[in-house]
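# Commentary on secondary and tertiary structure
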Amino acid sequence: MKKAILHTDGGARGNPGPAGIGAVVKIGSEEKYYKKYIGEATNNQAEYQAIILGLEKAKEAGAEEVVCYLDSELVVKQLKREYKVKDKDLSALFVKVWNLAQGFRKTTFHHVFREDNKEADRLVNEAIDDGVTGNW
């Protein structure tokens, strides 16, 4: 079974503010990096959009199982259904993640500390820098 290790992060400068997302998708020894400026968003919206990007890229790469690591404890607990999603904007993003996750044999979500998610965090900051300066 083809397994992907996914590290994602999303962030906004200001909340809401200019936002970016980053994803690192590792399958076997191959690691790919993705970043995107998403315009005005909240931190939580960006976190969800980063997971969406990562899951889409893992699916495109043929992964059948995905292990997701992100540094937003709130989003992890929502995806594990330990917390309810009360915000209507986040609800739509939650449903999108949930539906994408169903396309894999197995999907798990794990909280990690920011220092264990450095590459994804770096991609977020690059995406925001590119977006703010118009280099995207």
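Below is a summary of the structure that appears in this document. Note on numbering: residues in each chain are counted from 1, in written sequence order. Only residues with pLDDT of 70 or above have their local features reported here, since the model is predicted, and side-chain atom pairs are shown and tallied only from 80 upward, although totals for entire chains, interfaces and linings are computed over all residues. Side-chain metrics in this entry use all non-hydrogen atoms of the structure; hydrogen atoms and water are not considered.

### Regarding the overall build of the protein
So the rule is basically this: To qualify as a helix, a DSSP run of H or I must reach at least 4 residues; to qualify as a strand, a run of E must reach at least 2; elements of each kind are numbered from the N terminus. The globule rule used for comparison is 2.2 Å times the number of residues to the exponent 0.38, while the radius of gyration itself is calculated over C-alpha atoms. The cut-offs for exposure are 20% and 50% of the maximum accessible area for each residue type, with area from a 1.4 Å probe on protein chains only; residues under the lower value are buried, those over the upper are exposed, and the others partly exposed. Note on contacts: a residue pair is in contact if any heavy atoms of the two residues lie within 4.5 Å. Here the accessible surface of atoms and residues is derived via Shrake-Rupley with a 1.4 Å probe, and residues count as covered only by protein chains that are part of the display. Asp and Glu count as negative and Lys and Arg as positive, but His and the ends of the chain are not part of the count. To locate a charge, take atom NZ for lysine, CZ for arginine, CG for aspartate or CD for glutamate.
Along the backbone of the protein there are four helices and five strands. Along the protein, from the amino end to the carboxyl end, the secondary structure elements read β-β-β-α-β-α-α-β-α. Here the C-alpha radius of gyration of the protein, 14 Å, is about what a compact globule of 136 residues would show, namely 14 Å. Considering only C-alpha atoms, the protein reaches an extent of 40 × 35 × 25 Å along its principal axes. Taken across its 136 residues, the protein has 44% of its residues classed as buried. The contacts in the protein between residues at least 6 apart in sequence include a share of 70% that link residues at least 24 apart. With the model as given, the accessible surface of the protein reaches about 7300 Å², and the carbon-plus-sulfur share is 47%. With 21 positive and 21 negative side-chain charges, the protein shows a spacing of 6 Å between the two charge centroids.

### Re unusual backbone geometry
The peptide bond linking Asn15 to Pro16 adopts the cis configuration, its omega dihedral lying at 10°. Tracing the backbone shows Pro16 in the loop between strand E1 (3-12) and strand E2 (17-27). Positive phi is not limited to glycine here, since Arg81 has a value of about 65°. Relative to the assigned elements, Arg81 resides in the loop between helix H2 (73-79) and helix H3 (88-101).

### Points about the pairing of E1
Cut-off, in case you're wondering: Any two strands between which DSSP finds at least two bridges are classified as paired.
Burial within E1 is extensive, with seven of its ten residues counted as buried. Pairing geometry for E1 and strand E4 (residues 65-70), over six bridges, is parallel. Each bridged residue has a counterpart across the sheet, and for Lys3 the counterpart in E4 is Glu65. Looking at chain direction, E1 and E2 are connected through nine bridges and run antiparallel. Each bridged residue has a counterpart across the sheet, and for Ile5 the counterpart in E2 is Lys26. Hairpin connection, E1 to E2: the antiparallel pair is bridged by four residues, and Gly14 has positive phi, about 95°.

Remember, this is a structural readout, not a statement about activity or role.
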